[in-house]
Amino acid sequence: MVGAATGALAAGPRPVVGVLALQGSFAEHVEALAALGVGTRLVRRPADLEGLGAIILPGGESTAMGRLLSDFALLEPLRAAVAGGLPAWGTCAGAILLARSISNDSRRHLALMDLEVERNAYGAQLESFRAAAPIAGLEGGDFPLVFIRAPAFVGLGPGVEPLASSGGKVVACRQGTMVATAFHPELSGDRRFHRWFLEQVAGLSLPAAGSGDGQAA
Ligand code: GLN
């Protein structure tokens, strides 16, 4: 038997992780996942949801993404998949898509996570900034936090566990198989949060840690 084939079999099938790719920073998530040795699929149609081990909803513009989800007939299939247990992580606008309600906007999108968010909560002067904070479950010290016109998580339901805070506000939280971050780990160069989501939330087996885990320089 050919050695390479044996190795591939021994490692088992590579998990395929979907990245919603209607708008926003999906390419950076694909890059982070590829660095971890994970197979990725851009999700644009309902059929793209089949067989995924997890899905990431990227940052961008939640109003545009919500509209495109409807236009692409993806809103209901995506909602059904996540409600049915497909592990989902929303970053920034993706978190807004997951949230039950938006305090300063009447729109609702997937509305699956018991979380109230306030859009663009940091105001015009602080639309984008960096910080760092420890994250529950992540070893290796503070995690770099990149905020871009970020939402604030203003109301966490009883089943929602805070994972990290910065500036007195919760910036990462989890409810079962759903995770929301107000910041953008895909822009930090630090892959620990991606690994944690895939392994600890989605229960996927990743290739052994390697150089792809590199932290921000
Ligand atoms: N301000 C955007 C919104 O409300 C989110 C920004 C982001 O995803 N970086 O949808």
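Here is a short report on the structure shown in this document. Here the structure is a predicted model, which is why all the values come from computation and not from measurement.

Some points on the sheet that holds strand β9 (residues 152–156)
Across a sheet, paired strands are connected by hydrogen bonds in the backbone, their directions being either parallel or antiparallel.
In step 1: Sheet architecture is open: 3 strands sit in the order β5-β6-β9, paired in mixed fashion. Either end of the sheet is taken by a strand with one partner, and the two such strands are β5 (99–102) and β9. Strand after strand, the sheet turns through a mean of 35 degrees between neighbouring axes, direction not considered.
In step 2: With 4 bridges connecting them, strand β6 (residues 113–118) and β9 associate as antiparallel partners. By the bridge assignment for β9, Glu118 is matched with Ala152.

What to know about the site of the ligand
In step 1: The environment of the ligand is made up of Gly59, Gly60, Glu61, Ser62, Cys92, Ala93, Ile96, Arg119, Asn120, Ile148, Arg149 and His184.
In step 2: In the model, an oxygen atom of the ligand is placed 2.8 Å from a nitrogen or oxygen of the Gly60 main chain.
In step 3: Here an oxygen atom of the ligand sits 2.7 Å away from a polar atom, N or O, in the side chain of Arg119.
In step 4: Summarising the interface, the protein chains cover 96% of the accessible area of the ligand, which totals 300 Å² for the free molecule.
In step 5: More than half of the atoms of the ligand fall within 2 Å of the grid points belonging to the largest pocket.
In step 6: Of the residues belonging to the shell around the ligand, the class tally is 4 nonpolar, 5 polar and 3 charged.

Some remarks on the layout of surface pockets
In step 1: Estimated volume of the largest pocket: approximately 150 Å³.
In step 2: Along the wall of the largest pocket there are 14 residues; nearest its centre are Gly60, Glu61, Cys92, Ile148 and Arg149.

Considering the environment of Phe72
In step 1: Considering the arrangement of structural elements, one finds Phe72 in the loop between α3 (62–71) and α4 (75–83).
In step 2: Since its relative accessible area comes to 38%, Phe72 is described here as partly exposed.
In step 3: Separated by 27 residues in sequence, Phe72 and Arg45 have C-alpha atoms that sit 6.6 Å apart.

Points about the nonpolar core
In step 1: The biggest cluster of nonpolar side chains holds 66 residues, and the ones touching the most others in it are Leu20, Ile55, Phe153, Phe183, Phe193, Phe197 and Leu198.
In step 2: Beyond its immediate sequence surroundings of up to four residues, Phe153 is in contact with Ala95, Leu115, Glu116, Val117, Val170, Val171, Ala172, Cys173, Ala180, Thr181 and Ala182.

Overview of the environment of Ala202
In step 1: With respect to the element layout, Ala202 can be found in the segment after α6 (192–201).
In step 2: Counting along the chain gives 114 residues from Ala202 to Ala88, while the straight-line C-alpha distance between them is 8.2 Å.
In step 3: Sequence-distant contacts of Ala202, that is, excluding residues within four places in its chain, are made with Gly53, Ala54, Pro87 and Phe197.

Describing the packing of aromatic side chains
In step 1: What the rule picks out here adds up to 10 aromatic pairs.
In step 2: Taking 4.6 Å as the distance between ring centres and 15 degrees as the angle between the ring planes, the aromatic pair formed by Phe129 and Phe147 counts as stacked. Here Phe147 lies in strand β8 (residues 143–148) and Phe129 lies in strand β7 (residues 128–133), a separation of 18 residues in the sequence.
In step 3: Assessed through its relative accessible area of 1%, Phe147 is described here as buried.
In step 4: With centroids separated by 6.2 Å and ring planes inclined at 50 degrees, the aromatic side chains of Phe143 and Phe183 adopt a geometry described as tilted. Taken together, the positions of Phe143 in strand β8 and Phe183 in the loop between β12 (178–181) and α6 put the pair 40 residues apart, joining distant regions of the chain.
In step 5: You can call Phe183 buried: its relative accessible area is 0%.
In step 6: Here the aromatic residues Trp89, Tyr122, Phe129, Phe143, Phe147, Phe183, Phe193, Trp196 and Phe197 are joined through ring pairs into a cluster of three or more.

Quick word on the sheet that holds strand β4 (residues 88–91)
In step 1: Pairing is mixed across the open sheet formed by 7 strands, whose spatial order is β2-β1-β3-β4-β12-β11-β10. Each having just a single partner strand, β2 (39–43) and β10 (161–166) make up the two edges of the open sheet. Mean inter-strand twist for the sheet, computed between neighbouring axes without regard to direction, equals 20 degrees.
In step 2: In this structure, strand β1 (residues 16–20) lies alongside β2, joined through 5 bridges in parallel fashion. Looking at the pairing, Val17 lines up with Thr40 of β2.

Definitions and cut-offs
- Residues numbered from 1 in each chain as written.
- Predicted model: local features only at pLDDT ≥ 70, side-chain atom pairs only at ≥ 80, totals over all residues.
- Heavy atoms only, no water.
- Pairing = 2+ DSSP bridges.
- Helix = DSSP H or I, 4+ residues; strand = E, 2+ residues; numbered from the N terminus.
- Axes fitted to C-alpha atoms, helices over the stretch in contact; angles between N-to-C directions.
- Near = heavy atom within 4 Å.
- Polar contact = N/O pair within 3.5 Å; in protein donor to acceptor, adjacent residues only side chain to side chain.
- Areas by Shrake-Rupley, 256 points an atom, 1.4 Å probe, with all protein chains shown as cover.
- 1 Å grid on protein atoms, 1.4 Å probe; cavity = no way out; pocket = protein on both sides within 12 Å on 5 of 7 lines; lining within 4 Å.
- Sits in = over half its atoms within 2 Å of the grid points.
- Nonpolar A, V, L, I, M, F, W, Y, C, P; charged D, E, K, R; others polar.
- Points joined across faces, edges and corners; volume = space filled by probe spheres on them.
- Buried < 20%, exposed > 50% of the residue type's maximum accessible area, 1.4 Å probe, protein only.
- Core = buried A, V, L, I, M, F, W, Y, C linked by side-chain atoms within 4.5 Å.
- Contact = heavy atoms within 4.5 Å.
- Phe/Tyr/Trp six-rings, centres within 6.5 Å; stacked < 30°, edge-to-face > 60°.

Scope: geometric values only; no functional claims are made or implied.
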